[in-house]
Amino acid sequence: MPQERAQAKYRLIADHLREGILSGGYPAGQPLPSEESLAKQFGVTRPTVRQAVAELRANGLVEVLMGRGMFVRSPHGRPSLTRPRGVRHELDGRFTEADGLRWEDAEEPAATRTDAPLALADLLRIPPGEPLFTYQALQTADRGRLRQLHSTYVPFSALVSTKYEDQAPPPAPHLYEALTELGHELDFTEYVRTRMPLPDQAQSLRLPEGVPLLHILRVTHGNGTKPLALEEFHIPGDDVELMYRP
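We now turn to the structure provided with this report. What you are looking at is a predicted structure, and each value in this text was computed from that prediction instead of being measured. (Residues numbered from 1 in each chain as written. Predicted model: local features only at pLDDT ≥ 70, side-chain atom pairs only at ≥ 80, totals over all residues. Heavy atoms only, no water.)

1. Quick word on the overall build of the protein chain
For step 1, the next point in the chain: Secondary structure summary: the protein chain contains six helices and 13 strands in total.
For step 2, the next point in the chain: Against the globule reference of 18 Å for 246 residues, the protein chain gives a C-alpha radius of gyration of 23 Å, more extended than a compact globule.
For step 3, the next point in the chain: Projected onto its principal axes, the C-alpha positions of the protein chain cover 75 × 40 × 30 Å.
For step 4, the next point in the chain: Residues counted as buried form 40% of the 246 residues belonging to the protein chain.
For step 5, the next point in the chain: A sequence separation of at least 24 residues applies to 58% of the contacts in the protein chain between residues at least 6 apart.
For step 6, the next point in the chain: For the protein chain, the exposed surface amounts to about 14100 Å²; the carbon and sulfur share of it is 51%.
For step 7, the next point in the chain: Considering the protein chain, the positive charge centre built from 28 side chains and the negative charge centre built from 33 side chains are found 8 Å apart. (Helix = DSSP H or I, 4+ residues; strand = E, 2+ residues; numbered from the N terminus. Rg over C-alpha atoms; globule rule 2.2 N^0.38 Å. Buried < 20%, exposed > 50% of the residue type's maximum accessible area, 1.4 Å probe, protein only. Contact = heavy atoms within 4.5 Å. Areas by Shrake-Rupley, 256 points an atom, 1.4 Å probe, with all protein chains shown as cover. Lys, Arg positive; Asp, Glu negative; His and termini not counted. Charge placed at Lys NZ, Arg CZ, Asp CG, Glu CD.)

Pasting the structure below:
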């Protein structure tokens, strides 16, 4: 019975704070009442308050900043960054991202051989387990403020009878120039989904607890029916929106 009462109390606090956040009573970016004041208000211990706050953090409604307190993250707030999506083919032959950001690799990516997992094989229209040239990189922009995880996958079969049959092609975006030199006219399709990050992804992207990822898969098509390459982007989903233009 005591356990049920404690659970009811932490739920009461969580519901109270959630209602205030969603109604605008606690504006985005503003601090919530302290643990001590909430404990006094509801007649509970501070661990009970922390349990309520942990639920709101998992919902993505609250973030806790060490030494500063608890702050509201409103689901209704407009993101501070709008990222146009797509690939632009410049007059000089280069391919650039439509967002115009200068992404830099934290380390020079090296090509590795991997076997296509089922999900990627389906999008690339190849048998599961077919070998791929794979590049993976943590990328930063805007002096490190923006971060993303970027992977490039190229099936071995897409490079048969080309100069890249016995050597690794470059990673994207230079991959696009290489494929164009092979005679392909490129077009791109993107698939966007959300999910919660794995622990290593959260650490690399510096994600607060409760913040989801934008998971983007970009498939590159050439002259044939089979895709030539696939890129995978993992982007923090807390303060960004994607924009697509026809």
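2. Observations regarding the packing of aromatic side chains
For step 1, the next point in the chain: If you walk through the whole model with that rule in mind, you get three aromatic pairs.
For step 2, the next point in the chain: Seen from their ring centres, Y176 and F188 are 5.0 Å apart, and the 70° between their planes marks the pair as edge-to-face. Residue Y176 is found in helix α5 (residues 174-181), and its partner F188 is found in strand β10 (residues 187-195); the two are separated by twelve residues along the sequence.
For step 3, the next point in the chain: The buried category is assigned to Y176, whose relative accessible area is 1%.
For step 4, the next point in the chain: One aromatic cluster is present, formed by F95, Y176 and F188 through successive ring pairs. (Phe/Tyr/Trp six-rings, centres within 6.5 Å; stacked < 30°, edge-to-face > 60°.)

3. Quick word on the side chain of S151
For step 1, the next point in the chain: Along the polypeptide, S151 turns up in strand β9 (residues 146-155).
For step 2, the next point in the chain: Apart from the residues within four sequence positions on either side, S151 is in contact with Y135, Q136, L230, E231 and E232.

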